[in-house]
Every structure is written in structure tokens, then in C-alpha cells.
Amino acid sequence: MRDLGVGHVVNLALHTHPKALPDEGASVAALGMTYTHIPVDFDNPTEDDFDRFCAVMAAAADVPVHVHCIVNARVTAFVFRWHRDVVGAGEGEARTMMDSVWRPGGVWAEFLGDEAGVAQASAFAGRDY
């Protein structure tokens, strides 16, 4: 990623997940990139999580940022909301990437302000992500 110009890595997954990279922050730093960990509980994404994400994205506005989690569900939801609520993209334009990965329901639909989707189960409900 560094060779592609990425200067900042943001991880939205928990370090305790079995698929988490061991000592990711140190590995990223050793490559000369900045690392931010925002541990988003998959069953409870919060406004504080999103506010922190927005602050990191604003601070890193002049460098390419790579955002990741375990299955890209957190990433696509956060990036969708950031594009819609902060960047000012239209709902449809912002939703395109997220819809290619999943259709959030439950707490994630609530997090996104999708009242109709709150009653629907999330595509990843009941899994440890």
C-alpha cells in the first residue's frame, strides 16, 4: 500500500478478532505510514465512532487513506455516511460501494439513518466481525 502512495491506514475492526493482523500498528508505522485504530463494535456502531472517523479523515485529507476492517461492512457503512454527511455526495452516489458489499439492517441501518432497514436483519447478523 505504501508503494501505491497510501500514507494513512485506518482499522475499524477489533484487534481481538481471530483474523486481526498481529501488531498492525507497528507494522504500518515501520513502513512509514500513519495508523489509526477505531475499534467499532459490530453490534453497536456509535456516533462517537463516526465522529472519530470523520476527525481522522479530515486530518488526513492531504494523503491517500486506506480504511479496512474484517469483511468491509464497517468500512462501507462509515465511508457511505462520510460521503453523504460530510463530503455532500447524493444518497445514491454514496450508497453504490456499500450496496456492492452488503445491505445493512438492524443497528447498522439505524446508524445510517435508514429507518426502513432497521427491522431487517443485517447480512452479517450473528457473526463475529
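Our structure is the block above this text.
Residues numbered from 1 in each chain as written. Predicted model: local features only at pLDDT ≥ 70, side-chain atom pairs only at ≥ 80, totals over all residues. Heavy atoms only, no water.

> Provide a residue-level description of the overall build of the chain, including the pertinent values.
Scanning the chain from N- to C-terminus turns up 5 helices and 3 strands. When its helices and strands are written in sequence order, the chain yields β-α-β-α-β-α-α-α. Relative to the compact-globule value of 14 Å for 129 residues, the chain shows a C-alpha radius of gyration of 15 Å, a close match. Counting only C-alpha atoms, the chain reaches 45 × 35 × 25 Å along its principal axes. (Helix = DSSP H or I, 4+ residues; strand = E, 2+ residues; numbered from the N terminus. Rg over C-alpha atoms; globule rule 2.2 N^0.38 Å.)

> Give a detailed account of the pairing of strand 1 (residues 8–11), specifying residues and quantitative values.
Where burial is concerned, the two faces of strand 1 agree: the one with His8 and Val10 and the one with Val9 and Asn11 are both buried. Pairing analysis gives 4 bridges linking strand 1 to strand 2 (residues 34–37), with the strands arranged parallel. Directly across from Val9, in strand 2, lies its bridge partner Tyr35. Taken together, strand 1, helix 1 (residues 24–30) and strand 2 constitute a β-α-β crossover, and its handedness is right-handed. Strand direction decides the pairing type here: strand 1 and strand 3 (residues 65–68), joined by 4 bridges, are parallel. Bridging from a neighbouring strand, Val9 pairs with His66 of strand 3. (Buried < 20%, exposed > 50% of the residue type's maximum accessible area, 1.4 Å probe, protein only. Pairing = 2+ DSSP bridges. Right-handed = clockwise from strand over helix to strand, strands pointing away.)

> Can you explain the packing of helix 2 (residues 47–59) against helix 3 (residues 73–87)? Please cite residues and give values.
Put simply, helix 2 and helix 3 touch, their axes get as near as 11 Å, and they point 70° apart. Looking at the two axes, helix 2 sits roughly perpendicular to helix 3. Counting all contacts with helix 2, which are made through Glu47, Asp49, Phe50, Phe53, Cys54 and Met57, the residues of helix 3 involved are Phe78, Val79, Arg81, Trp82 and Val86. The residue inventory of the contact of helix 2 with helix 3, partitioned by class, reads 8 nonpolar, no polar and 3 charged. (Axes fitted to C-alpha atoms, helices over the stretch in contact; angles between N-to-C directions. Parallel < 35°, antiparallel > 145°, perpendicular 65-115°, else oblique. Contact = heavy atoms within 4.5 Å. Nonpolar A, V, L, I, M, F, W, Y, C, P; charged D, E, K, R; others polar.)

> Please set out the sheet that holds strand 3 residue by residue, giving values where relevant.
The strand order 2-1-3 describes an open sheet built from 3 strands, whose pairing is parallel. Here the strands that pair on one side only, and so sit at the sheet edges, are strand 2 and strand 3. Mean inter-strand twist for the sheet, computed between neighbouring axes without regard to direction, equals 15°.

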